[in-house]
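Coordinate analysis (summary)
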Amino acid sequence: MSQTLFVFLILTASVTLLVLLTAVILLAVKQASSRRVRALSRIEEHYGRIVSEFLVAEVSPPSTGRLPEGHFEGYRRFTATIVRGWKRNLAVHRKAFLSVLTSTAADVSGETSERIVFLAYELGFVDELSAKLKHRHWWVRAEAAMHLGQLRARGATAALAAALEDKHAGVRLQALRALLHVVGVEAFGSIFRSMRDLSQWEMMEISVSVREHGPAAVPYLLDGLEARDMTIVELCIELLAEVGFVDSVQRLRAMASSYPNITIRAKAVEALGRLGDARSEGLLIEYIGHPHPVLRLRALGAIRAIGSSAAVPAIRQRVRDGSIDEKVAAARALANAGEQGLASLHAMASGPEGLTRDVVVQVLEEVGEFDG
């Protein structure tokens, strides 16, 4: 047998042995992991039954309106019993018990929820999770914020508010959700003061929560108009228009007139149209001829929403002289300006051929007014 063939066989055998050893090791790791998962599942089921019994157990009501210290003695006896079983595999048992608490907290309310919160504090989970908000790994911080929100731990409010400025977007989003869940509408104060450069997911969370709280969120939205971050200011304008808070018209008019950021001014103009308050009509008509094209376009959209016949002369001018986008927006505003606006469209539809006439005819067709 040649030396080359001998070396090749040795290498082949070595590789084969290495593959077999790797397969055996992976199988052993998988089996060990499966055993841990099954063990954790059994522990969670055990604690689930115990916690369920604790939550429905009768507790004598206090004789006065205040809760005396002795009222919690039964709760503490229960936690002491739980802790005695944690002498071995402490980390596994705490992990399982926390999982039971967080999953149960989502399904209970009132006095039952208060028992869950008591257990979370008494067993040190709130302090432990609050400390994890400073962990070096972002996913640990995000999970901690999520669990604090699930547990409704008001004692962690300051730590969660600080997490709103975390460098990782995932942590900020979980802290935002947790604060809204724990504190409710009051969380908007911290959110609008602390957060910067809102992501689409963060905007969505805030928007959904504002809709849930309704008018109670309005004072915080008004405060948000003073925020340093433009994404927050823009979102607050959008949400004020969405909830239909007409008392904000004066503030929005001032922002549309003099705010230093043109994007915010345009957003304020759009919101004035959505609110449909007649006090804005004069400003919007003035902005139809504004030097900045974005403000002109937004003013035309706002006037269309309001339906102003007084704006017809200014709108008609933009149909003739504006860009293609302005021509379309202006023609649609005329179509919503009553008989005078429709009469202007029909007159222009009879004019010479060209882009203006094409736009006018298109809009008349859209509203079912084109007679050919």
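Here is what the cut-offs are and how they apply
- Residues numbered from 1 in each chain as written.
- Predicted model: local features only at pLDDT ≥ 70, side-chain atom pairs only at ≥ 80, totals over all residues.
- Heavy atoms only, no water.
- Phe/Tyr/Trp six-rings, centres within 6.5 Å; stacked < 30°, edge-to-face > 60°.
- Helix = DSSP H or I, 4+ residues; strand = E, 2+ residues; numbered from the N terminus.
- Lys NZ or Arg CZ within 6 Å of the ring centre and 35° of its normal.
- Contact = heavy atoms within 4.5 Å.
- Axes fitted to C-alpha atoms, helices over the stretch in contact; angles between N-to-C directions.
- Left-handed = near helix turned anticlockwise from the far one by under 90°.
- Nonpolar A, V, L, I, M, F, W, Y, C, P; charged D, E, K, R; others polar.
- Salt bridge = Lys/Arg side-chain N within 4 Å of Asp/Glu carboxyl O.
- Buried < 20%, exposed > 50% of the residue type's maximum accessible area, 1.4 Å probe, protein only.
- pLDDT = per-residue confidence, 0-100.
- Expected span 1.5 Å × (residues − 1).
- Parallel < 35°, antiparallel > 145°, perpendicular 65-115°, else oblique.
- Core = buried A, V, L, I, M, F, W, Y, C linked by side-chain atoms within 4.5 Å.
- Polar contact = N/O pair within 3.5 Å; in protein donor to acceptor, adjacent residues only side chain to side chain.

Quick look at the packing of aromatic side chains
This model, assessed by the stated rule, comprises six aromatic pairs. For the ring pair F97 and F125, a centre distance of 6.5 Å and an interplane angle of 10 degrees mean the geometry is stacked. Of this pair, F97 sits in helix α3 (residues 90-105) while F125 sits in helix α5 (residues 125-132); the two residues are 28 residues apart in sequence, bridging distant segments of the chain. Ring pairs connect the aromatic residues Y47, F97 and F125, which therefore count as one cluster. We note R94 situated over the ring of F125; from NZ or CZ to the ring centre the distance is 4.3 Å. Over the ring of F54 we find R115; its NZ or CZ atom is 5.8 Å from the centre of that ring.

Comments concerning the environment of L239
Of note, L239 is situated in helix α12 (residues 230-243). Taking the C-alpha atoms as reference points, L239 and V210, separated by 29 residues in sequence, lie 7.6 Å from one another. Discounting chain neighbours no more than four positions away, the residues touching L239 are I206, S207, V210 and L221.

Quick notes on the packing of helix α17 (residues 312-321) against helix α18 (residues 324-335)
Remark: α17 packs on α18, axes separated minimally by 8 Å, with the N-to-C direction vectors making an angle of 150 degrees. Remark: the crossing between α17 and α18 carries left-handed chirality. Residues V312, I315, R316, R318, V319, R320 and D321 of α17 touch α18, and the partners they reach there are E326, K327, A330, A331, A333 and L334. Taken together, the residues of the contact of α17 with α18 break down into seven nonpolar, no polar and six charged.

Quick word on the pattern of salt bridges
All chains considered together, the criterion is met by 16 salt bridges. Note that E128 and K132 form a salt bridge whose closest N and O atoms lie 3.9 Å from each other. Within this pair, E128 and its partner K132 are both found in helix α5, separated by four residues, close to a single helical turn. According to the relative accessible area criterion, K132 is partly exposed, its value standing at 34%. K267 is the partner of E270 in a salt bridge, and the nearest nitrogen-oxygen pair spans 4.0 Å. Highlighted residues: E270 and K267, both in helix α14 (residues 262-275), separated by three residues, approximately one helical turn. The partly exposed category is assigned to E270, whose relative accessible area is 25%.

Things to note about the confidence of the model for the protein
Considering every residue of the protein, the mean pLDDT works out to 85; 89% of them sit at 70 or more. The spread of mean pLDDT over the elements of the protein runs between helix α1 (residues 3-56), the lowest at 71, and helix α6 (residues 138-150), the highest at 94. Throughout residues 61-68 the model reports pLDDT below 50, and contacts reaching past four residues in sequence, or to other chains, amount to four contacts.

Let's talk about helix α20 (residues 355-366)
Over its twelve residues, α20 extends 17 Å from the first C-alpha to the last, a length consistent with the 16 Å expected when each residue adds 1.5 Å. Those residues of α20 that are buried lie in contact with α17, α18 and α19 (338-349). Two residues or fewer after α20 comes G368, characterised by a positive phi angle close to 70 degrees.

Concerning the packing of helix α2 (residues 73-84) against helix α4 (residues 110-122)
Between two packed helices, what matters for the description is the angle formed by their axes and the separation of those axes. Where α2 meets α4, the axes come as close as 11 Å, and the angle between the chain directions of the two elements is 50 degrees. The angle between α2 and α4 places the two elements in the oblique class. Between α2 and α4 lies a crossing of right-handed hand. Judged by residue contacts, Y75, R76, F78 and T79 of α2 engage E111, R115, F118, L119 and E122 from α4. Residues belonging to the contact of α2 with α4 are distributed by class as follows: four nonpolar, one polar and four charged.

Brief notes about the nonpolar core
One finds F97, I191, I206 and L345 to be the most contacted residues of the largest nonpolar core, which totals 111 residues. Ignoring any residue separated from it by four or fewer positions in sequence, one finds F97 in contact with Y47, V51, F78, I82, W86, L119, L123 and F125.

Thoughts on the side chain of R296
Mapped onto the elements of the fold, R296 is located in helix α16 (residues 293-306). In this structure the side chain of R296 is engaged in a polar contact, spanning 3.0 Å, whose partner is the backbone oxygen of P291. Once residues lying within four places of it in the same chain are set aside, the contact partners of R296 are Y287, I288, G289, H290, P291, R318 and E326.

Considerations on the environment of R177
Secondary-structure assignment places R177 in helix α8 (residues 169-182). Looking at R177, the relative accessible area reads 31%, which means it is partly exposed. Note: C-alpha distance between R177 and A187 (ten residues apart in sequence) is 9.7 Å.

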